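Observations on chain architecture
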Amino acid sequence: MLLRLNIADNRPLHEQVAGAIRRAIAEGECGPGDRLPPARELSLALGVNANTVLRGLRALRDEGLLEFRRGRGVTVAGGADGRSALLERVRELVADGARRGYGKAELIRMIEEAQ
């Protein structure tokens with residue numbers, strides 16, 4: 001799994017780490033059940049602190065994309081590839097709505113009306 005961070009990106013590093021892993025899952029570089037490299041290895045490869053990587057991994061765990069298993073490391077959750085792609089589309093929708101002046105509540109209302 002080849003991950004890269006964009007130095008020019010203004011987002012916090014842990015969000016960039018999570019985004020890079022999210023992209024790798026969405027693009028099929030790692031699928032459900034695949035084990036991720038240890039956080040220390042990822043931090044060395046990305047040139048960031050191990051705690052930064054762990055914070056990004058925890059965010060992905062909270063989203064349901066990763067599973068943490070004691071003694072087995074971090075694995076991609078079952079169904080994560082589809083969920084990752086959907087979450088990315090939702091983020092794009094929220095960003096597009098914000099650019100057009102819509103708040104989250106208004107977007108939720110629009111989604112409910114579309115059902």
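Residues numbered from 1 in each chain as written. Predicted model: local features only at pLDDT ≥ 70, side-chain atom pairs only at ≥ 80, totals over all residues. Heavy atoms only, no water.

What about the overall build of the protein chain?
Put simply, the test is: Elements are defined by DSSP. Helices are runs of H or I of four residues or more, strands are runs of E of two residues or more, and each kind is numbered from the N terminus. The Shrake-Rupley method, run with a 1.4 Å probe, gives the accessible areas here. Residue values count only the displayed protein chains as cover.
Looking only at helices and strands, one finds five helices and two strands in the protein chain. Going from N to C terminus, the protein chain has its helices and strands arranged as α-α-α-β-β-α-α. When its C-alpha atoms are laid out on the principal axes, the protein chain stretches across 45 × 35 × 20 Å. For the protein chain, the computed accessible surface area is about 7700 Å², with 49% contributed by carbon and sulfur atoms.

Re the pattern of salt bridges
Worth spelling out the cut-off: Criterion for a salt bridge: a side-chain nitrogen of Lys or Arg within 4 Å of a carboxyl oxygen of Asp or Glu. Burial here depends on accessible area, computed with a 1.4 Å probe over protein chains only, as a share of the maximum for the residue type. Under 20% is buried, over 50% is exposed, and the range in between is partly exposed.
Per the stated rule, a full pass over the model turns up seven salt bridges. A salt bridge links R22 to E63; its shortest N-O distance comes to 2.8 Å. Remark: E63 occurs in the loop between α3 (50–62) and β1 (66–69) and R22 occurs in helix α1 (residues 13–26); sequence separation between them is 41 residues. Like E63, R22 is buried.

Points about the UniProt feature "domain: HTH gntR-type" (unreviewed entry) in the protein chain
So the rule is basically this: UniProt positions are given in the numbering used here, feature names are shortened, and annotations may be inferred rather than shown by experiment.
This chain's UniProt record puts "domain: HTH gntR-type" (unreviewed entry) on residues 11–79. The distance from the first to the last C-alpha atom of residues 11–79 is 27 Å, and the span holds 51% helix and 12% strand.

Some remarks on the packing of aromatic side chains
Stated precisely, the cut-off is as follows: Aromatic pairing here means that ring centres of Phe, Tyr or Trp (its six-membered ring) are within 6.5 Å. Orientation follows from the plane angle: under 30 degrees is stacked, over 60 is edge-to-face, and everything else is tilted. Here, a charge over a ring means that NZ of Lys or CZ of Arg falls within 6 Å of the ring centre while also lying within 35 degrees of the ring normal.
Under the defined criterion, the tally for this structure stands at zero aromatic pairs. Here the guanidinium or amino end of R61 rests over the ring plane of F68, the centre of that ring lying 4.9 Å away.

Brief notes about α3
This is how it is decided: Expected span of a helix: the number of residues minus one, times 1.5 Å. The arc in question is formed by the directions pointing from the helix axis toward the C-beta atoms.
Taking 1.5 Å per residue, 13 residues should reach 18 Å; α3 reaches 18 Å between its end C-alpha atoms and fits that length. Of all the positions in α3, only T52, V53, G56, L57 and L60 are classed as buried. All buried residues of α3 fall inside an arc of 135° around its axis, so they share one side. Turned more than 90 degrees from where α3 packs its buried face, N51 and D62 sit exposed.

Thoughts on the confidence of the model for the protein chain
When pLDDT is low, close inspection of the predicted coordinates is not appropriate. The condition is simple: Per residue, pLDDT measures the predictor's confidence, with a range of 0 to 100.
Here the protein chain shows a mean pLDDT of 87. Residues at 70 or above account for 95%. Of all the helices and strands in the protein chain, helix α4 (residues 80–99) carries the lowest mean pLDDT, 80, while α3 carries the highest, 95.

Some remarks on the side chain of Q16
Threshold: Two residues form a contact once any of their heavy atoms are found within 4.5 Å.
As for its placement among the helices and strands, Q16 is situated in helix α1. In this structure Q16 comes out as buried when scored by relative accessible area, which is 3%. If sequence neighbours within four positions are ignored, Q16 has contacts with L5, N6, D9 and R11.

Digging into the nonpolar core
Quick note on the threshold: Each nonpolar core is a collection of buried residues, namely Ala, Val, Leu, Ile, Met, Phe, Trp, Tyr and Cys, held together in the definition by side-chain atoms within 4.5 Å.
If you look at the biggest cluster of nonpolar residues, it comprises 22 residues, and the most contacted ones within it are L3, V17, I21, L36, V53, L57 and L66. Elements supplying a minimum of two residues to this core: α1, α2 (39–46), α3 and β2 (73–76). With six residues, the top contributor of residues to this core is α1.

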